[in-house]
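Close look at the chain arrangement
Here is how the chains run, residue by residue.
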Amino acid sequence: MLEKLTYNLKDYNQLNYGLIPDSILLNRIEKKYILNHSELLNIINELRTNYLCLEVNDSIINKYNNIYFDTPDFDFYLLHHNNVANRLKIRKRYYKTTNTSYLEIKQKQNERTFKSRLQINNSEIHLAENELDFILKNTSLTNSFAIKSNVQINYKRLSLINKDFSERLSFDFDIEFISNTKKIELHDLVIAECKQIQSYKSHFVNAIKFQNIKQTSFSKYCIAISKLFPSIKHNNFKQQLTFLENYFYDNAINAVTN
């Protein structure tokens, strides 16, 4: 798939990621869609005249390694599971292409998502003192010492941006969920995300609708917890889990016990 995707992107104009201000789309509205590889290629073919392809160090496909943090009782996960309007996720993200790491906090407040991040010198599974301080300053948490790493989520990402910088698209594929005892690979699965300053129709949304693909709620972190820790409550994610199993069949989810 990677070879076909790269070929389909050959006519795109490219923009260096470093030319985009850090503040762009940190406060945004997000829409998510689940695609397969064929649908992704069709969508890419429809967007080349209206979007730029973001590149980093001459690479348009970039590898992301993420370590997610939660309380021992999975409180952040349960906030999402229980449909709490205001919730957060905390992760360390390593960008392999640039060899840089960030501590990132994503806070959802109703339909808007706010993102804070701190550049760090490592992507280790523990939190350093300055990282704990950053969490306390940017969240309503009163104690950050109880937060521990629980899963790693890796994927490759293609990023596009429209020409006035008001909409950014990401397409994540080759997704892996990893715990201490299990690794899950999602084959033929693409998670597309549209990030907008304000909610409005776009060429991407029109192309998605033409493919008869519906907007969905899908959190990589929550699905990872549901699959890696099946004893944790996951009733509210059954629809997404059943969809994955039915739509992508046995090849979609391949669990390997380490």
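In this text, all values refer to a predicted model and were calculated from it rather than measured experimentally. (Residues numbered from 1 in each chain as written. Predicted model: local features only at pLDDT ≥ 70, side-chain atom pairs only at ≥ 80, totals over all residues. Heavy atoms only, no water.)

A short note on helix H2 (residues 37-47)
Worth spelling out the cut-off: Each residue is placed in one exposure class: buried if its accessible area under a 1.4 Å probe, protein chains only, is under 20% of its type's maximum, exposed if it is over 50%, and partly exposed if it falls in between. In this text, helices come from DSSP runs of H or I with a minimum length of four residues, and strands from runs of E with a minimum of two, each type numbered from the N-terminal end. Polar contacts here mean pairs of N or O atoms no more than 3.5 Å apart (in protein, one a potential hydrogen donor and the other a potential acceptor; neighbouring residues in sequence count only if both atoms are side-chain atoms).
Along H2, the residues classified as buried are His 37, Glu 39, Leu 40, Leu 41, Ile 43, Ile 44 and Leu 47. For H2, the N-terminal capping position is held by Asn 36, with its side-chain oxygen 3.2 Å away from the main-chain nitrogen of Ser 38.

As for the packing of H2 against helix H5 (residues 203-210)
Stated formally: Helix axes are fitted only over the stretch in contact, all axes being lines through C-alpha atoms; the angle between N-to-C directions runs from 0 to 180 degrees. Roughly parallel means an angle under 35 degrees; roughly antiparallel means over 145; roughly perpendicular covers 65 to 115; every other angle is labelled oblique. Left-handed is the label given to a crossing in which the near helix is rotated counterclockwise from the far helix by less than a right angle, and right-handed is the label when the rotation is clockwise. Two residues qualify as a contact provided that any one of their heavy atoms is within 4.5 Å of a heavy atom in the partner residue. Under the scheme applied, nonpolar residues are Ala, Val, Leu, Ile, Met, Phe, Trp, Tyr, Cys and Pro; charged residues are Asp, Glu, Lys and Arg; polar residues are all the others, including Gly.
Running from N to C, H2 and H5 cross one another at 140 degrees; their axes reach a closest spacing of 10 Å. In terms of axis orientation, H2 runs oblique to H5. Judged by the twist between their axes, the crossing of H2 over H5 is right-handed. Of the residues in H5, those in contact with Ile 43, Glu 46 and Leu 47 of H2 are His 203, Phe 204, Ala 207 and Ile 208. Split by residue class, the contact of H2 with H5 holds five nonpolar, one polar and one charged.

Observations regarding the pairing of strand E10 (residues 182-186)
Which entries qualify depends on this criterion: Paired strands, as defined in this entry, are two strands with at least two bridges between them according to DSSP.
Relative to E10, strand E9 (residues 167-178) runs antiparallel, the two sharing four bridges. In the strand pairing of E10, Ile 175 is matched with Leu 186. Here E9 hands over to E10 after three residues, the two strands then running antiparallel side by side.

With respect to helix H6 (residues 220-228)
With respect to burial, H6 is a largely interior element, eight of its nine residues being buried. Every buried residue belonging to H6 is among Lys 220, Tyr 221, Cys 222, Ile 223, Ala 224, Ile 225, Ser 226 and Leu 228, and all of these are buried.

Notes on the packing of aromatic side chains
So the rule is basically this: Two rings from Phe, Tyr or Trp (for Trp, the six-membered ring) form a pair when their centres are within 6.5 Å of each other. A pair whose planes differ by under 30 degrees is stacked, one over 60 is edge-to-face, and the rest are tilted. A ring is scored as having a charge over it whenever the NZ atom of a lysine or the CZ atom of an arginine sits within 6 Å of its centre and within 35 degrees of its normal.
Under the counting rule described, the total for this entry stands at eight aromatic pairs. Pairing Tyr 64 with Tyr 155 gives two aromatic rings, centres 5.6 Å apart and planes at 25 degrees, and the pair type is stacked. Remark: Tyr 155 occurs in strand E8 (residues 148-162) and Tyr 64 occurs in strand E4 (residues 61-70); sequence separation between them is 91 residues. Considered together, Tyr 64 and Tyr 155 belong to a single accessibility category, that of buried residues. Seen from their ring centres, Phe 74 and Phe 229 are 5.4 Å apart, and the 55 degrees between their planes marks the pair as tilted. Here Phe 74, found in the loop between E4 and helix H3 (75-81), pairs with Phe 229, found in the loop between H6 and helix H7 (238-252); they are 155 residues apart in sequence, far enough to count as distant. The partly exposed category is assigned to Phe 229, whose relative accessible area is 24%. Through successive ring pairs, a cluster of aromatic residues spans Tyr 64, Tyr 95, Tyr 102 and Tyr 155. The ring of Tyr 102 is capped by Arg 117, whose NZ or CZ atom sits 3.9 Å from the centre of that ring. In this arrangement the basic side chain of Lys 220 is found over the ring face of Tyr 155, its NZ or CZ atom lying 4.8 Å from the centre.

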